[in-house]
Amino acid sequence: MTSLGNSAASRDIACVLHPYTDLKAHQRHGPLIVTHGRGIRVFDDQGRSYIEALSGLWCVSLGFNEPRLIDAARRQLETLPYYHSFAHKSHEPAIELAERILALLPTTMSKVFFSNSASEANDTAVKMVWYYNNACGRPQKKKIVSRIRGYHGVTVATASLTGLPNNHRDFDLPIANILHTACPHHYRFAEIEESEETFASRLAAELEALIEREGPDTVAAFIAEPVMGAGGVIVPPATYFEKIQAVLKKHDVLLIADEVICGFGRTGNMFGSETFGLKPDIVTMAKQLSSGYQPIAATVISEALYQAFVSQSEAIGVFAHGFTYGGHPVACAVAIETLNIYRERRLLDHVRAVAPRFQERLQAFNGHPLVGETRGIGLIGAAELVRDKVTRTPFEAADRVGLLAAEVAQDEGVILRAMGDSLALCPPLIITEAEIDELFDRLARALDRTHQELSRRGIVAGTPVIARSPASD
Ligand SMILES: Cc1ncc(COP(=O)(O)O)c(C=O)c1O
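It should be emphasised that the depicted structure is a prediction, and the values quoted were computed from it without experimental measurement.

Thresholds, definitions, all that
- Residues numbered from 1 in each chain as written.
- Predicted model: local features only at pLDDT ≥ 70, side-chain atom pairs only at ≥ 80, totals over all residues.
- Heavy atoms only, no water.
- Salt bridge = Lys/Arg side-chain N within 4 Å of Asp/Glu carboxyl O.
- Helix = DSSP H or I, 4+ residues; strand = E, 2+ residues; numbered from the N terminus.
- Buried < 20%, exposed > 50% of the residue type's maximum accessible area, 1.4 Å probe, protein only.
- Polar contact = N/O pair within 3.5 Å; in protein donor to acceptor, adjacent residues only side chain to side chain.
- Contact = heavy atoms within 4.5 Å.
- Pairing = 2+ DSSP bridges.
- Axes fitted to C-alpha atoms, helices over the stretch in contact; angles between N-to-C directions.
- Parallel < 35°, antiparallel > 145°, perpendicular 65-115°, else oblique.
- Left-handed = near helix turned anticlockwise from the far one by under 90°.
- Nonpolar A, V, L, I, M, F, W, Y, C, P; charged D, E, K, R; others polar.
- Patch = residues over 30% accessible without salt bridge, like charges linked within 9 Å, V, L, I, M, F, W, Y side chains within 5 Å.
- Areas by Shrake-Rupley, 256 points an atom, 1.4 Å probe, with all protein chains shown as cover.

### What to know about the pattern of salt bridges
Step number 1: For the structure on display, the rule yields 28 salt bridges.
Step number 2: Between R449 and D411 there is a salt bridge; the shortest N-O distance is 3.0 Å. Remark: D411 occurs in helix α16 (residues 401-411) and R449 occurs in helix α17 (residues 433-456); sequence separation between them is 38 residues.
Step number 3: Note on D411: relative accessible area 41%, which makes it partly exposed.
Step number 4: Salt bridges here are not isolated pairs; linked through shared partners, they connect R48, D411, E412, R445 and R449.

Structure representation (structure tokens):
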């Protein structure tokens, strides 16, 4: 891209390999270069401002310029910039953060293992499940069940858990011993007139059939996000986790709750497990643990797992797992300060106060000709765009309607993610009602412009009425 000269954009194209990007398109378009942020907004190198409606990657709960987090990092860098937890070493920030996490979790858990990313946290969970069953003398019980459209990361094991075709295709995944069961998306996968409860019963029965087919003595764990995020923001149907957990219990299958998006207030409770009644054996978390300011993740285990690890490591001589930067003191210090701010500013109360406005404005999009379904809880949601609302017919994948809508939204000053044709929203938890209105006013314009562009291309018919805020006229 010579026309960009020696700009940051052309240097980017020359040198940076971008994750989750159409690499060919990137050669043409180049990047959006973000320079700084303030509150719920980020700014590009042309001085344009955007509402960050996905909190970066579902993580920047406290907005983009929280001075206390910067001070916490600086203080820790000045005190102890690095240390680790291998071979009986420790440091105060890791100890305090582990205590704080255990105190926040809704069910009694035993130990916290730190890593740097949620992929590592989930990968660790997989290894722990295998280690546990070896310790218990059940070397056959190793299969892990995940869900179609679940998202758990991109390492070899966690990309295998992730139930999205692009994460497997051409990467030679999934690996052995990973199974996928049905996606709990009522709008897409329920039978005609099937209630949420009946749908949930059917999915639980399908899970049980899968476990019985594979052999319960070979199935070790089930992993689930309380609300699926990257799979399109899928809120589970009523009674789903209750019925799924009954099946897991019956067949002695561990539950791993991936709280990476839901954890720390997103659904209106501290953890999604509280919102949906999960009683996990392993919990993984990251993202809002440090408001995204530092890379940190954790895998938290029950006492039963811990006791098995103790006897197994005694037999082998070591629990041979760990990351150089796991529980990095600076990341732990920032996470502790993040939790302090959540408590002092009563962030959960704030989420509960503004979430109804967020959900009301999201649901108002159901009247838009492009929107087949809106769904969400707390401060997370999505609008699924469809070609035909009545028949729920999706657009052709080749039309890339979700990407088009995301581009138009960006032009309107909103950054969001298109998951297929579902537009995902997950704004910083500090968002105010006025900012929620601004976000949805911009999005309404973006949806109308997307509709106009699709009718210009002959993909849909008609011109929509410009959607308005309930409060704006
Ligand atoms: C639920 C969930 N689990 C795991 C991951 C993987 O996180 P990371 O990119 O930190 O490896 C993500 C990332 O979005 C996620 O949403």
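### With respect to the side chain of H152
Step number 1: You can see H152 is positioned in the loop between β5 (143-147) and α7 (156-161).
Step number 2: The class of H152 is buried, set by a relative accessible area of 3%.
Step number 3: A distance of 2.8 Å separates the side chain of H152 from the side chain of D258, its partner in a polar contact.
Step number 4: Not counting residues within four places of it along the chain, the set of residues in contact with H152 comprises A118, S119, N122, S146, T158, L161, T162, I223, A224, E225 and D258.

### Details of the sheet that holds strand β4 (residues 111-115)
Through backbone hydrogen bonds, the strands of a sheet pair up, either in parallel or in antiparallel fashion.
Step number 1: Read from one edge to the other, the open sheet built from seven strands follows the order β4-β10-β9-β8-β7-β5-β6, with strand pairing classed as mixed. Looking at strand neighbours, the two that pair on one side only are β4 and β6 (178-181), the edges of this open sheet. Each strand axis lies, on average, 20 degrees off the axis of its neighbour in the sheet, ignoring direction.
Step number 2: Bridge count for strand β8 (residues 254-258) against strand β9 (residues 282-285) is three bridges, and the pairing is parallel. By the bridge assignment for β9, D258 is matched with T284.

### Remarks on the packing of helix α10 (residues 196-214) against helix α11 (residues 240-250)
Step number 1: The N-to-C vectors of α10 and α11 enclose an angle of 20 degrees; their axes lie 8 Å apart at closest approach. The orientation of α10 relative to α11 falls into the category roughly parallel. For the element pair α10 and α11, the recorded crossing hand is right-handed. Contacts between α10 and α11 involve E197, A200, S201, L203, A204, L207, E208 and I211 on the former and, on the latter, Y240, K243, I244, V247, L248 and K250.
Step number 2: Its residues assigned to classes, the contact of α10 with α11 shows nine nonpolar, one polar and four charged.

### Some thoughts on a nonpolar patch on the surface
Step number 1: Taken together, the side chains of Y82, Y83 and Y325 define a hydrophobic patch exposed on the protein surface, amounting to about 300 Å² of accessible area.
Step number 2: Relative to the helices and strands, Y83 is located in the loop between α4 (67-79) and α5 (92-104).
Step number 3: The exposure class of Y83 is partly exposed, given its relative accessible area of 33%.

### As for unusual backbone geometry
Step number 1: In this structure, P174 follows L173 across a cis peptide bond, with omega equal to 5 degrees.
Step number 2: Position of P174 relative to the elements: it lies in the loop between α8 (165-168) and β6.
Step number 3: Of note in this structure, H88 is not a glycine but carries a positive phi near 70 degrees.

### Focus: the packing of helix α6 (residues 118-135) against helix α13 (residues 303-316)
Step number 1: Running from N to C, α6 and α13 cross one another at 70 degrees; their axes reach a closest spacing of 9 Å. In terms of orientation, α6 lies roughly perpendicular with respect to α13. Across from M128, Y131, Y132, N134 and A135 in α6, the residues of α13 making contact are A304, L305, A308, F309, Q312, S313 and I316.
Step number 2: Taken together, the residues of the contact of α6 with α13 break down into nine nonpolar, three polar and no charged.

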